[in-house]
Amino acid sequence: MKIIKDILEMQVMAEESRRSGKKIALVPTMGALHQGHLSLMDYGRTKADLLVVSIFVNPIQFGPKEDFGKYPRDLQGDSLLTAKRGVDIIFSPEAKDFYPDLFQTYVMVEQVTQPLCGAVRPGHFRGVTTVVCKLFHIVKPHLAIFGQKDFQQLIVIQQMAKDLNMDVEVIGRPTVREADGLAMSSRNRYLSPEERVSARSLSWALKEAQVLFRKGERKTEVLLDRVSGLIGREPATRIEYARICHPRTLEDLTVVKDQGVLALAVWVGSTRLIDNCLLEDNQE
Ligand code: PAF
């Protein structure tokens with residue numbers, strides 16, 4: 001496994017791989033890798049000849065009061081994990097090279113970035129789409145793999161790729177969970193033991209909504225009341241949003257006809273967690 005920091009070196013390597021007919025898969029990450037990331041790599045390994053994982057804590061997707069400074073960074077630990085998954089290249093550029101002085105070009109997707117996280121994290125998705133667009137230009141992947149835990153991010157990136165005719169297939173893969181249901185996230189390590197207990201309520205509330213939905217409940221208000229009740233009774237939780245929206249447009253639904261996405265952002269102490277589930281007739 002090779003660690004590439006130099007942008008030009010990565011571009012040349014990608015170009016040569018493409019020319020020799022190799023299929024390239026990219027798993028974009030900010031490092032602090034966990035089982036969720038590793039499952040994306042495992043999937044990529046089965047689909048591509050060259051598997052690239054980018055590790056870059058992208059400064060422009062963090063707001064001024066967010067956790068950019070304390071976001072966990074451990075390139076050495078991450079490279080041990082990726083080597084075991086058969087990753088060919090870690091691409092880990094320096095921020096000063098990625099966004100040099102006078103950098104001034106951003107990518108913005110409109111409607112689907114407005115609700116949910118977009119409404120509470122101004123500029124976040126502009127940062128995400130810009131970094132991902134640049135990564136696509138540098139790594140030149142045929143497919144790029146993202147976790148469905150960041151559901152809105154996945155929809156936004158798929159929209160960007162479609163709108164800008166990017167020659168890359170953007171694939172979403174299922175959320176990987178801890179044994180008690182908590183969705184894996186690099187931010188879980190911020191939780192105290194007590195907060196970690198409260199954090200289970202997110203996935204439990206999602207499961208409960210799926211049960212109600214299966215029993216025939218279609219009214220968003222009723223489903224969300226139940227979700228809010230279950231999370232709200234846990235210590236140290238504060239719901240930032242709990243919405244049920246259309247899985248493509250992300251518009252709010254008042255009644256779920258065929259399919260909806262129940263999306264949550266919840267503060268547990270000073271840690272912000274997100275999670276979601278699909279509500280659909282033929283769910284397991
Ligand atoms: O999901 C993430 O880790 C980041 O938002 C991404 C896609 C790597 C862009 O920085």
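Trainee: Explanation requested: the state of the cysteines in the structure shown.
Mentor: Covalent bonding between the sulfur atoms of two cysteines is what defines a disulfide. Using the criterion set out here, one finds zero disulfides in the structure. Not part of a disulfide, Cys117 finds its nearest cysteine sulfur in Cys245, a span of 10 Å.

Trainee: Which parts of the structure should I look at to understand the sheet that holds strand E1 (residues 2-4)?
Mentor: Picture the strands of a sheet paired through backbone hydrogen bonds; they go either parallel or antiparallel. The sheet built from six strands is open, its strands ordered E1-E4-E3-E2-E5-E6 with parallel pairing. On the outer flanks of this sheet lie E1 and strand E6 (169-173), each paired with one strand and no other. Sheet twist, expressed as the average angle between the axes of neighbouring strands with direction ignored, equals 25°. Examined bridge by bridge, strand E3 (residues 50-55) and strand E4 (residues 89-91) share three bridges and lie parallel to one another. Pairing of Ser54 across the sheet is with Phe91, part of E4. Contacts between helix H2 (residues 35-47) and the sheet are confined to strand E2 (24-29), E3, strand E5 (143-147) and E6, with E5 contributing the most and set at about 155° to the helix.

Trainee: Teacher, can you tell me more about the packing of helix H1 (residues 7-19) against helix H6 (residues 124-139) here?
Mentor: In a packed pair of helices, the relevant descriptors are the angle between the two axes and the axis-to-axis distance. One can describe the packing of H1 onto H6 by two numbers: an axis separation of 7 Å at closest approach and a directional angle of 55°. Between H1 and H6, the crossing angle belongs to the class labelled oblique. Of the residues in H6, those in contact with Ile7, Met10, Gln11 and Ala14 of H1 are His137, Ile138 and Val139.

Trainee: Help me out: how do you make sense of the site of the ligand in this one?
Mentor: Around the ligand, the neighbouring residues are Pro28, Thr29, Met30, Asn58, Gln61, Val131, Phe146 and Gln153. Between the ligand and the protein, one listed contact pairs an oxygen atom with a side-chain N or O atom of Gln61 at 2.6 Å. Between an oxygen atom of the ligand and a side-chain N or O atom of Gln153, the distance comes to 2.7 Å. Contact with the protein chains covers 88% of the free accessible surface of the ligand, which is 290 Å². Residue composition of the shell around the ligand, by class: four nonpolar, four polar and no charged.

Trainee: Quick question: what am I supposed to make of the packing of aromatic side chains here?
Mentor: Two numbers describe a pair of aromatic rings. These are the distance of the centres and the angle of the planes. By the definition in use, this model includes seven aromatic pairs. Geometrically, the ring pair formed by Phe62 and Tyr71 is edge-to-face, given 5.8 Å between the ring centres and 70° between the ring planes. Note on accessibility: Phe62 and Tyr71 belong to one class, buried. Relative to Tyr106, the ring of Phe103 lies with its centre 5.4 Å away and its plane at 90°, an arrangement referred to as edge-to-face. With relative accessibility at 22%, the residue Phe103 sits in the partly exposed group. By relative accessible area, which is 33% here, Tyr106 ends up partly exposed. Among the aromatic residues, ring-to-ring pairing joins Phe56, Phe98, Tyr99, Phe103 and Tyr106 into one connected group. Lys70 extends its terminal NZ or CZ atom over the ring of Tyr190, reaching a point 4.0 Å from the ring centre.

The rules behind each value
- Throughout, a residue's number is its position along its own chain's written sequence, starting from 1.
- Given that the model is predicted, a residue must reach a pLDDT of at least 70 before its local features are reported, and side-chain atom pairs must reach 80 or more before they are shown or counted; all residues, however, enter totals for whole chains, interfaces and linings.
- Excluding hydrogens and water, the side-chain values take into account all heavy atoms of the structure.
- Cysteine sulfurs are considered disulfide-paired once they come within 2.5 Å of each other.
- Here, a strand pair is defined by DSSP locating no fewer than two bridges between the strands.
- Secondary structure is summarised from DSSP: a helix means a run of H or I of at least four residues, a strand means a run of E of at least two, and numbering begins at the N terminus for each.
- All axes are obtained by fitting lines to C-alpha atoms, using only the stretch in contact for helices, and the reported angles, taken between N-to-C directions, cover 0 to 180 degrees.
- Note on definitions: a residue-residue contact is assigned when non-hydrogen atoms from the two residues lie within 4.5 Å.
- Our angle categories are set so that under 35 degrees counts as roughly parallel, over 145 as roughly antiparallel, 65 to 115 as roughly perpendicular, and the remainder as oblique.
- Whether a residue is near a molecule or strand is decided by its heavy atoms; if any one of them lies within 4 Å of it, the residue is near.
- Here a polar contact is recorded for every N or O atom pair within 3.5 Å, except that within protein the pair must consist of a potential hydrogen donor and a potential acceptor, and residues adjacent in sequence are included only if both atoms are side-chain atoms.
- In this description, accessible areas are obtained by the Shrake-Rupley approach with a 1.4 Å probe, and a residue is regarded as covered only by the protein chains that are shown.
- In the scheme used here, Gly and all other residues not listed as nonpolar or charged are polar, with Ala, Val, Leu, Ile, Met, Phe, Trp, Tyr, Cys and Pro taken as nonpolar and Asp, Glu, Lys and Arg as charged.
- Only rings of Phe, Tyr and Trp enter the pairing, Trp through its six-membered ring, and a pair is recorded when the two centres are within 6.5 Å. The plane angle decides the type: under 30 degrees is stacked, over 60 is edge-to-face, the rest tilted.
- Relative accessible area decides the class of each residue, using a 1.4 Å probe on protein chains only: under 20% of the type maximum gives buried, over 50% gives exposed, and in between gives partly exposed.
- Only lysine NZ and arginine CZ atoms are considered, and such an atom sits over a ring when it is within 6 Å of the ring centre and within 35 degrees of the ring normal.

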